[in-house]
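For reference, the chains in residue letters:
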Amino acid sequence: MNHVDPDAVVRAEQATWTRSAPIYAEHTAQLTSHAVSHLLDAAHLTSDSRALEVGCGPGHVTAMMADTGATVTGVDLVPAMIETARTLHPDIEFVQADAEQLPFGDDAFDVVLVNFSIHHFTRPDVVCAEIRRVLKPGGRFVFAGPIEQFGFGAFIEGLTTHHTMEVLAHGPLYLEATREDYENLVKDASFASYDVAVRQLTLRLPSLEPLLQTGWEMCELSELPQDTQNKIRETTVQRAAPYRTENGYAFPDRIVVGQATK
Ligand SMILES: C[S@@+](CC[C@H](N)C(=O)[O-])C[C@H]1O[C@@H](n2cnc3c(N)ncnc32)[C@H](O)[C@@H]1O
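Rules of the game
Residue indices follow the written sequence of each chain, beginning from 1 at its first position. At least 70 in pLDDT is required for a residue's local features to be given in this predicted model, at least 80 for side-chain atom pairs to be given and counted, and no such filter applies to totals for whole chains, interfaces and linings, which use all residues. Side-chain measures were taken over the full set of non-hydrogen atoms in the model, leaving aside hydrogen atoms and water. Numbered from the N terminus, helices here are DSSP runs of H or I no shorter than four residues, and strands are runs of E no shorter than two. In this scheme, a residue with accessible area under 20% of its type's maximum is buried, one over 50% is exposed, and one in between is partly exposed, where area comes from a 1.4 Å probe on protein chains only. Pairs of residues are marked as contacts when any of their non-hydrogen atoms sit within 4.5 Å. With residues, only the protein chains shown are counted as cover, and all accessible areas are computed by Shrake-Rupley using a 1.4 Å probe. Positive charges come from Lys and Arg alone, negative charges from Asp and Glu alone, with His and the N- and C-terminal ends not counted. Charged groups are reduced to one reference atom each: NZ for lysine, CZ for arginine, CG for aspartic acid, CD for glutamic acid. Consider each residue's heavy atoms; a residue with any of them within 4 Å of a molecule or strand counts as near. Whenever a nitrogen or oxygen atom comes within 3.5 Å of another N or O atom, the pair is scored as a polar contact, on the condition that within protein one atom can donate a hydrogen and the other can accept it, and that pairs from neighbouring residues in sequence are kept only if both atoms are in side chains. Under the grouping applied here, Gly and all other residues not named as nonpolar or charged are polar, the nonpolar ones being Ala, Val, Leu, Ile, Met, Phe, Trp, Tyr, Cys and Pro and the charged ones Asp, Glu, Lys and Arg. Between rings of Phe, Tyr and Trp, where Trp is taken as its six-membered ring, a pair exists when centres lie within 6.5 Å; planes separated by under 30 degrees are stacked, by over 60 edge-to-face, and by other angles tilted. Lysine NZ or arginine CZ positioned within 6 Å of the ring centre and within 35 degrees of the ring normal marks a charge as sitting over the ring. Paired strands, in this sense, are two strands between which DSSP finds at least two bridges. What counts as a salt bridge is simple: a side-chain nitrogen of Lys or Arg found within 4 Å of a carboxyl oxygen of Asp or Glu. Side-chain atoms within 4.5 Å are what join buried Ala, Val, Leu, Ile, Met, Phe, Trp, Tyr and Cys residues into a set we call a nonpolar core. The disulfide criterion used throughout: a pair of cysteine sulfur atoms within 2.5 Å.

Chemist: What am I meant to see in the overall build of the chain here?
Modeler: Counting its secondary structure elements, the chain contains nine helices and eight strands. Principal axes of the C-alpha set define a box for the chain whose edges measure 55 × 40 × 35 Å. Buried residues in the chain amount to 51% of all 262 residues. Considering only residue pairs separated by 6 or more positions, the chain has 77% of its internal contacts joining residues 24 or more positions apart. As displayed, the chain offers around 11900 Å² of accessible surface, 46% of which is attributable to carbon and sulfur atoms. Taking the 19 positively charged and 36 negatively charged side chains of the chain as two groups, their mean positions are separated by 4 Å.

Okay, here's the thing in structure tokens:
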């Protein structure tokens with residue numbers, strides 16, 4: 001899996017999420033939250049649990065974990081995300097660290113949750129081994145990641161119709177991931193048991209604004225000529241039109257949802 005320069009991936013991730021941190025909680029979080037209830041069901045958190053979210057962004061999922069009464073910590077690579085998370089959720093512990101080197105002892109957590117971040121990791125196999133290390137024996141790793149995203153896909157079609165971008169340095173699961181890729185990760189990390197399934201989950205958006213705001217920040221589109229920006233927006237709206245509903249949009253995304261026990 002080590003076919004990319006890990007430092008280049010880290011630089012690309014740092015730049016993307018530093019730029020996106022100010023809009024993430026309001027906009028991007030709406031694109032990544034449709035599997036969270038499934039993860040929380042699988043996590044079985046109680047007030048006695050100690051839990052970790054890896055790749056927590058601005059901490060909205062960490063906060064949902066904390067609502068169960070569990071003691072939770074969020075970890076993210078990007079300082080701007082950690083600062084935002086601390087501002088939005090001052091009662092929760094957030095730590096800046098690379099998921100490849102989690103700053104916790106062995107057997108420390110009952111649950112580790114990763115939502116929509118594994119595909120951003122340079123070496124997800126290294127991260128999985130690290131997650132297994134910090135879990136207690138019998139502890140649960142629960143995760144979700146995108147397989148096919150119709151909402152984000154509409155934006156990508158709008159983007160690629162009118163603009164050519166250099167593909168950013170990325171890890172092995174970024175552009176093409178299958179259920180088997182995710183299953184192999186937990187299998188190869190020697191979890192005692194696991195269940196990895198693809199679910200069709202509806203991404204509901206009140207408007208396309210979360211999608212457009214996210215796309216514009218992630219891809220730095222405000223640097224483009226206004227005419228090109230207008231065309232990207234128009235094509236995105238056209239491609240999303242089949243998913244329009246009375247209340248906004250409903251995209252039938254395919255998401256991998258997994259759980260594994262140490
Ligand atoms: C798409 S966001 C997901 C955020 C959040 N979990 C959610 O559900 O919306 C991916 C996050 O992974 C973080 N990330 C990327 N590489 C990382 C690494 N090596 N270690 C820790 N976090 C990382 C990014 O900084 C970013 O905040």
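Chemist: Would you mind showing me how to read the site of the ligand here?
Modeler: As a matter of local geometry, the ligand sits amid 22 residues, with Y24, T32, G55, D76 and N115 nearest to it. Within the backbone of L77, an N or O atom sits 3.2 Å from a nitrogen atom of the ligand. The separation between a nitrogen atom of the ligand and a polar side-chain atom of D98 is 3.0 Å. Protein chains bury 98% of the 600 Å² of accessible surface belonging to the ligand in isolation. Residue assignment for the shell around the ligand shows that the elements contributing at least two residues are α1 (6-24) and α3 (60-66). Looking at which element gives the most residues to the shell around the ligand, the answer is α1, with three residues. Split by residue class, the shell around the ligand holds eleven nonpolar, seven polar and four charged.

Chemist: What should I look at first to understand the environment of F116 in this one?
Modeler: With respect to the element layout, F116 can be found in the loop between β4 (109-115) and α5 (124-134). Sequence-wise, F116 and A35 are 81 residues apart; in three dimensions their C-alpha atoms are separated by 9.2 Å. Leave out the neighbours within four places in its chain, and F116 touches L31, T32, H34, A144, G145, P146, Q149 and I255.

Chemist: What exactly am I supposed to notice about the side chain of T235 here?
Modeler: Within the fold, T235 resides in helix α9 (residues 226-240). Each residue touching T235, except ones within four places of it in the same chain, is listed here: E157, G158, T161 and H162.

Chemist: Quick question: what am I supposed to make of the packing of aromatic side chains here?
Modeler: The description of an aromatic ring pair uses the distance of the two centres, along with the angle that the planes make with each other. Evaluation of the coordinates by the stated rule reveals ten aromatic pairs. Judged by centre distance (5.7 Å) and plane angle (50°), the rings of F152 and F155 are tilted. In this pair, F152 and F155 are both assigned in helix α6 (residues 150-162), three residues apart and thus about one turn of the helix distant. Comparing F152 with F155, the two get one shared label, buried. Over the ring of W216 we find R233; its NZ or CZ atom is 5.9 Å from the centre of that ring.

Chemist: Help me out: how do you make sense of the pairing of β4 in this one?
Modeler: Strand residues, when the strand is regular, have side chains that alternate between the two faces of the sheet. The element β4 is extensively covered by neighbouring structure, given that six of its seven residues are classed as buried. As paired elements, strand β1 (residues 50-54) and β4 share three bridges and run parallel to each other. Bridge assignment links E53 to a residue of β4, and that residue is L113. With six bridges joining them, β4 and strand β5 (residues 135-148) adopt parallel strand pairing. Note that in β5 the partner of V112 across the bridge is F141.

Chemist: Looking at this structure, I do not really get the side chain of D253. What am I missing?
Modeler: Along the chain, the position of D253 falls in strand β8 (residues 248-261). Here D253 sits buried without a salt bridge, and the closest side chain of opposite charge, R254, lies 9.0 Å off (N-O distance). At 3.0 Å, the side chain of D253 forms a polar contact with the backbone nitrogen of F150.

Chemist: What is the right way to look at the environment of A169 in this model?
Modeler: Topologically, A169 is positioned in the loop between α6 and α7 (179-188). For A169, a relative accessible area of 29% translates into the label partly exposed. With 126 residues separating them in the primary sequence, A169 and A43 have C-alpha atoms 32 Å apart. Setting aside residues no more than four positions away along its own chain, A169 makes contact with A8, V9 and A12.

Chemist: Please explain the nonpolar core as it appears in this structure.
Modeler: A general tendency of soluble globular proteins is for nonpolar side chains to be buried together. Within the largest apolar cluster, 31 residues are counted, with the highest numbers of intra-cluster contacts made by L52, V112, V114, I118, I131 and F141. Elements that contribute at least two residues to this core include exactly β1, β4, α5, β5, α7 and β8. Examining the composition of this core, we find that four residues originate from one element, α5, more than from any other. Every residue in contact with I118, bar those within four places of it in the chain, is listed here: P124, F141, F143, L173, Y182 and L185.

Chemist: Would you mind going over the state of the cysteines with me for this structure?
Modeler: Within the structure shown, the criterion is met by zero disulfides. Just so you know, C128 is unpaired, no disulfide at all, and the nearest cysteine sulfur is the one on C56, 17 Å from it. Residue class for C128 comes out buried when judged on its relative accessible area of 2%.

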